[in-house]
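Fold and contact review
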2 protein chains.
Amino acid sequence: MQETGRRMELVEELRGVLGGRVTVNETMLEQHSSDESYHSPHLPDVVVFPDNAEEVSDIMKLAARFDVPVVPYGYGSSLEGSVIPYQGGITIDFANMNNILEVRESDFLVRVQPGVTRSQLEKELKKYGLFFTVDPGADATLGGMAATNASGTTSVKYGIMRDQVLDMEVILADGSIIHTGSMAAKSSSGYNLNGLFVGSEGTLGCFTELTLKVIGIPEHIMAARAEFATADDAVDAVIAVMQAGIPVARVELVDEEAIKQMNLYSETNYHEVPTLFLELHGNEAGLQHDVQFMEEIVSDMNCRQIEFETDTAGRNKLWEARHHAAYAFIHNHPGRKQMVTDVCVPISELAGAVKDAREAVEASGLSGGIVGHVGDGNYHILLMLDPSDPAEIEKADQVNERIVGYALGCGGTCTGEHGVGTGKQKYQEQEHGESLRVMRKIKRALDPDDILNPGKIIE
Amino acid sequence: MQETGRRMELVEELRGVLGGRVTVNETMLEQHSSDESYHSPHLPDVVVFPDNAEEVSDIMKLAARFDVPVVPYGYGSSLEGSVIPYQGGITIDFANMNNILEVRESDFLVRVQPGVTRSQLEKELKKYGLFFTVDPGADATLGGMAATNASGTTSVKYGIMRDQVLDMEVILADGSIIHTGSMAAKSSSGYNLNGLFVGSEGTLGCFTELTLKVIGIPEHIMAARAEFATADDAVDAVIAVMQAGIPVARVELVDEEAIKQMNLYSETNYHEVPTLFLELHGNEAGLQHDVQFMEEIVSDMNCRQIEFETDTAGRNKLWEARHHAAYAFIHNHPGRKQMVTDVCVPISELAGAVKDAREAVEASGLSGGIVGHVGDGNYHILLMLDPSDPAEIEKADQVNERIVGYALGCGGTCTGEHGVGTGKQKYQEQEHGESLRVMRKIKRALDPDDILNPGKIIE
């Protein structure tokens, strides 16, 4: 939006709907100009804070009338530029829509507004002995997690964000309000709109309410760290554990460089070797059996040492360290920004993919570590960059390109859980080929004027 | 297709592509005119048997040129008329495309052609110690199961058909060939076409290949029958078991009438009372713990008797009897056809829903029994009808309408696993409201000339 008069007119109209919850304050615009990625920032024209679905619908109608983009914003923790408003327009910040509306204990579901954060939900559910299974590490909003189809450490057992969404209230480009599902645990009725809108990153509509599956907190939890001489051995051990049918709830690979950064930041003193962080959920007797079986298997796979954490404090420390791995790199590299790769490959291809990625990083001269949800075949290289040095960004882009090329070459995907945003858009054609044409048709059918987060996912 | 000359021309063109695998033989047309439901039959104009995706693409291009409908056909086990070609045209029978293309053991996935049946896959996977988790009872084809988003007795633990599909090769209305996913266990790349095409019942494209998740056969399996005085008690017991976090792999309600039909057909001698059929999967130690805990809980919930089946033979007999329940009714009511209701409700609403359904059946004077995947809130009333008696069909329709009304009134869905076909189309507006408009837009974008299974799901 270039023209100042037209922008002021839009702001006035928005104020008519939202009163004081409309801002063009420079600091606020800046706060909404970037995410946690290395992608360059861009200011929105105006930021609004709706209280309910009707207001979002009115905002959408104004956006259509003024022909300006709408970008939904949760916590700003995207790693691929999903919330950066490269064409300006209205950023809808869902900070005010942060209520947990209903916990339906007997139905194992919860209704929340999109601005509710993961930790906020966790705290509330604990009162009922329930938990929400998707844990991406960052304290993202549930709206944001649905927008990018987030997943994380527990997805190997409990599935990804898309698997948890039973229903969403969505505001479409024309301001109409729809529901994508119901409260039934399963359905074969109509087309699967839940799945289509989850992962659409604000390009098909704005979420104003989510109905999510929750489950009972497991009776017993056991965590472990297993150390290996090489990342290859660690990956082979994971495959063996999964083939044995041991239902791991988390299984994370952390390489020596990432352990080093963790030790610095989290004040742990883990051996700086390729390590698996594991967790098992179940009843006590079953867990003991699984743990023993797992110990045998990883020993056969050249595990040098395995340590178990049975009490809550030890377990929390372990997973806190793991979840802070990305921040540890950032903290230990002041002034630098992070690029996180995010491919997911068939698990049999994982050892080869990680080895090739390691070589690519070394050849680039950049510093970086590996953390990975290896049970899913999804791993991240955390690369630290000087954002003001185009040569470094170029190098990192080349590393990413090689990693993505490897993944697509063996039947994988360019993004396992971070989403497309702007960072993975250039790989969409390569990954989806002819089916990108189908996606474009869907985008055009639902957002003919391209006002919904334009330039993301679909060019 | 009315005009004989035009039809002959189409048949000739099809023969040019498929040679002898094109038929207008009356018996063959009749075989493809109906499914296992009470819905009235309708003949296709021609039936074809392609061998590969390219041939399906050619068929689709001919259908577009001649402007005739295309209906994909697997095993014909639909319960809602999904494969009945009410507007004639070409029925594509996938009987020849029944190869298991690849078992990728380490990746826990399998690639199959759409005509592969569930039992065929099960047999092959057994060699690898693997199993495919979706078991709808009928020996449907995997293409058909994907088309209706089938599920069944094990879905309470392992999820529905949509959860198992990683990728499909799909032929679109214009004959182009796309892939809907990849071999990665998860992805946040592009729009979720897997989920959209699963459950689309041939209205968006024809599936020519499926990549499906498989898992290791559980170490130990334990089955049980728990008898109750009332269906209410049984349902309450299920909720209590699930809230206790016991990971049941199957939990089925069978009412006294259904037990009676089972006993007659399967030569079992189960007490004719409301019964839960249960199954648990895990390691031996864990199972023992779960079984003991479960026994305590169901006793507290007025269970009169619980019997365990630990050996394979006893377990197989139990599940065979359960899976043959629908056939038992058919067998014991010669000359009658079956209408199966299929709503799914939030589990807290299940006891009320079943009670109301029971009353509706009794008021109608029809004979019927209840079987249900109660862990999902999904239950079926098996109603036996004289298909030549319009009054009976009318009565059954009224029962179905009341059951669907109850389900939609409490946040449920009109079909949990059988699909929409023609039977559930009249409820689509009521269930989906505004979002049906979105579904219509998608249908129009992908099949503008409405040649793909016209009249199903979307009117």
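An unreviewed UniProt entry annotates chain A as D-lactate dehydrogenase (cytochrome) originating from Lentibacillus juripiscarius. Check the Cofactor (unreviewed entry) section of the UniProt entry for chain A; it says "FAD". Looking at chain A in UniProt, the text filed under Sequence similarities (unreviewed entry) is "Belongs to the FAD-binding oxidoreductase/transferase type 4 family."

**Brief notes about the layout of surface pockets**
All names here are of chain B. For the second largest pocket, the calculated volume is near 880 Å³. Elements represented by at least two residues in the lining of the second largest pocket include exactly helix H4 (118-126), strand S7 (130-131), strand S14 (275-282) and helix H12 (312-323). With 6 residues, the single largest contributor to the lining of the second largest pocket is H12. The residue makeup of the lining of the second largest pocket, split by class, is 9 nonpolar, 9 polar and 10 charged. Each of domain 2 (100-216) and domain 3 (220-326) contributes no fewer than three residues to the lining of the second largest pocket.

**Observations concerning the nonpolar core**
Ranked by internal contacts, the top residues of the largest apolar core, which has 191 residues, are A:Leu276 and B:Leu276. Not counting residues within four places of it along the chain, the set of residues in contact with A:Leu276 comprises A:Ala224, A:Arg225, A:Ala226, A:Phe228, A:Ala234, A:Ala237, A:Val238, A:Val251, A:Glu252, A:Leu253 and A:Val374.

**Comments concerning the packing of helix H1 (residues 4-18) of chain A against helix H3 (residues 53-66) of chain A**
Residues and elements named next belong to chain A. The geometry of H1 relative to H3 is characterised by a closest axis approach of 10 Å and an angle of 160° between their N-to-C directions. It follows from the interaxial angle that H1 and H3 lie roughly antiparallel. Classified by chirality, the crossing of H3 by H1 is right-handed. For the pair formed by H1 and H3, the contact residues are Arg-6, Glu-9, Leu-10, Glu-13, Leu-14, Val-17 and Leu-18 on the first element and Glu-55, Asp-58, Ile-59, Leu-62, Arg-65 and Phe-66 on the second. Residue composition of the contact of H1 with H3, grouped by class: 7 nonpolar, no polar and 6 charged.

**A look at the environment of B:Val71**
Residues and elements named next belong to chain B. Here Val-71 is to be found in strand S3 (residues 70-73). As a C-alpha pair, Val-71 and Gly-89 span 18 residues in sequence and 7.7 Å in three-dimensional space. Setting aside chain neighbours within four positions, we find Val-71 in contact with Ser-82, Val-83, Pro-85, Ile-90, Thr-91, Ile-92 and Asn-453.

**Remarks on the sheet that holds strand S17 (residues 368-373) of chain B**
Residue and element names in this part refer to chain B. Across the sheet, 7 strands lie side by side as S15-S12-S14-S13-S17-S18-S16; this open sheet has antiparallel pairing. Of all strands in the sheet, those with a lone pairing partner are strand S15 (303-309) and strand S16 (337-340), marking the two edges. Averaged over all pairs of adjacent strands, the angle between their axes in this sheet comes to 20°, without regard to strand direction. Where strand S13 (residues 248-254) lies against S14, 6 bridges are found, and the strand directions are antiparallel.

**Let's talk about the domain arrangement of chain A**
By convention, interface size is frequently given as the accessible area that disappears when the constituent parts associate. Residue and element names in this part refer to chain A. Per the domain assignment, the segments making up chain A are domain 1 (4-93), domain 2 (100-216), domain 3 (220-326) and domain 4 (335-419). Summarising the inter-unit geometry, the C-alpha centres of domain 3 and domain 4 are found 22 Å apart. On the domain 4 side, the residues contacting the 17 residues of domain 3 number 16 residues. Here domain 3 meets domain 4 over a buried area of about 1300 Å², counting both sides, of which 65% is carbon and sulfur. Connecting domain 3 to domain 4 are 1 salt bridge.

**Brief notes about helix H17 (residues 435-446) of chain A**
For H17(A), built from 12 residues, the straight-helix expectation of 16 Å at 1.5 Å per residue is met to within 8% by its first-to-last C-alpha distance of 17 Å. Listing the buried residues of H17(A) in full gives A:Ser435, A:Leu436, A:Val438, A:Met439, A:Ile442, A:Lys443, A:Ala445 and A:Leu446. On its buried face, H17(A) is in contact with helix H8 (193-197) and helix H16 (428-432) of chain A together with strand S9 (177-179), helix H8 (193-197) and helix H17 (435-446) of chain B.

**Brief notes about the packing of helix H14 (residues 350-364) of chain B against helix H15 (residues 390-409) of chain B**
Two numbers describe a pair of packed helices, the interaxial angle and the distance between the axes. Residues and elements named next belong to chain B. Where H14 contacts H15, the two axes come as close as 10 Å, and the packing angle between them is 165°. Judged by the angle between their axes, H14 and H15 are roughly antiparallel. Taken as a pair, H14 and H15 cross one another with a handedness that is right-handed. Contact residues: H14 offers Gly-352, Ala-353, Asp-356, Ala-357, Glu-359, Ala-360, Val-361 and Ser-364, while H15 offers Lys-395, Val-399, Arg-402, Ile-403 and Tyr-406. Classifying every residue of the contact of H14 with H15 gives 7 nonpolar, 2 polar and 4 charged.

**Section: the sheet that holds strand S9 (residues 177-179) of chain A**
Residue and element names in this part refer to chain A. With antiparallel pairing, 5 strands are arranged side by side in an open sheet as S5-S6-S10-S8-S9. Only two strands of the sheet have a single partner each, and these edge strands are strand S5 (100-104) and S9. The sheet shows a mean angle of 10° between the axes of neighbouring strands, taken without regard to direction. Contacts between H3 and the sheet are confined to strand S8 (165-171), S9 and strand S10 (206-213), with S8 contributing the most and set at about 50° to the helix.

**Quick word on the pattern of salt bridges**
All names here are of chain B. Inspection of the entire model under this criterion finds 66 salt bridges over all chains. The closest approach of N and O atoms between Arg-15 and Glu-12, which form a salt bridge, is 3.7 Å. With Arg-15 and Glu-12 both in helix H1 (residues 4-18), this residue pair falls 3 residues apart, about one helical turn. Of the residues examined, Arg-15 reaches a relative accessible area of 32% and is grouped as partly exposed. Close ionic contact of Glu-102 with Arg-104 constitutes a salt bridge, the shortest N to O distance being 3.9 Å. A relative accessible area of 16% places Arg-104 in the buried class.

**Structural notes on helix H13 (residues 325-332) of chain B**
All names here are of chain B. All of the buried residues along H13 are Ala-325, Ala-328 and Phe-329. An end-on view of H13 places all buried positions within 100° of arc, on one side of the element. At its buried positions, H13 is contacted by helix H10 (256-266), H12, S16, S17 and strand S18 (378-385).

**Quick notes on the packing of aromatic side chains**
Residues and elements named next belong to chain A. Scanning the model with the defined rule gives 6 aromatic pairs over all chains in all. Geometrically, the ring pair formed by Phe-277 and Trp-319 is edge-to-face, given 6.1 Å between the ring centres and 65° between the ring planes. Of the two residues, Phe-277 is situated in strand S14 (residues 275-282) and Trp-319 in helix H12 (residues 312-323); the sequence distance between them amounts to 42 residues. Here Phe-277 matches Trp-319 in class, with each residue buried. Feature note: the residues Tyr-270, Phe-277 and Trp-319 constitute an aromatic cluster, connected by ring pairs. Positioned above the aromatic ring of Trp-319, the side-chain terminus of Arg-250 is 4.8 Å from the ring centre.

Calculation criteria
- Residues numbered from 1 in each chain as written.
- Chains lettered and ligands numbered in written order.
- Predicted model: local features only at pLDDT ≥ 70, side-chain atom pairs only at ≥ 80, totals over all residues.
- Heavy atoms only, no water.
- UniProt positions renumbered as here; feature names shortened; annotations may be inferred.
- 1 Å grid on protein atoms, 1.4 Å probe; cavity = no way out; pocket = protein on both sides within 12 Å on 5 of 7 lines; lining within 4 Å.
- Points joined across faces, edges and corners; volume = space filled by probe spheres on them.
- Helix = DSSP H or I, 4+ residues; strand = E, 2+ residues; numbered from the N terminus.
- Nonpolar A, V, L, I, M, F, W, Y, C, P; charged D, E, K, R; others polar.
- Domains from an automatic or database assignment.
- Core = buried A, V, L, I, M, F, W, Y, C linked by side-chain atoms within 4.5 Å.
- Buried < 20%, exposed > 50% of the residue type's maximum accessible area, 1.4 Å probe, protein only.
- Contact = heavy atoms within 4.5 Å.
- Axes fitted to C-alpha atoms, helices over the stretch in contact; angles between N-to-C directions.
- Parallel < 35°, antiparallel > 145°, perpendicular 65-115°, else oblique.
- Left-handed = near helix turned anticlockwise from the far one by under 90°.
- Pairing = 2+ DSSP bridges.
- Buried area = accessible area lost by both parts, 1.4 Å probe.
- Salt bridge = Lys/Arg side-chain N within 4 Å of Asp/Glu carboxyl O.
- Expected span 1.5 Å × (residues − 1).
- Arc of directions from axis to C-beta.
- Phe/Tyr/Trp six-rings, centres within 6.5 Å; stacked < 30°, edge-to-face > 60°.
- Lys NZ or Arg CZ within 6 Å of the ring centre and 35° of its normal.

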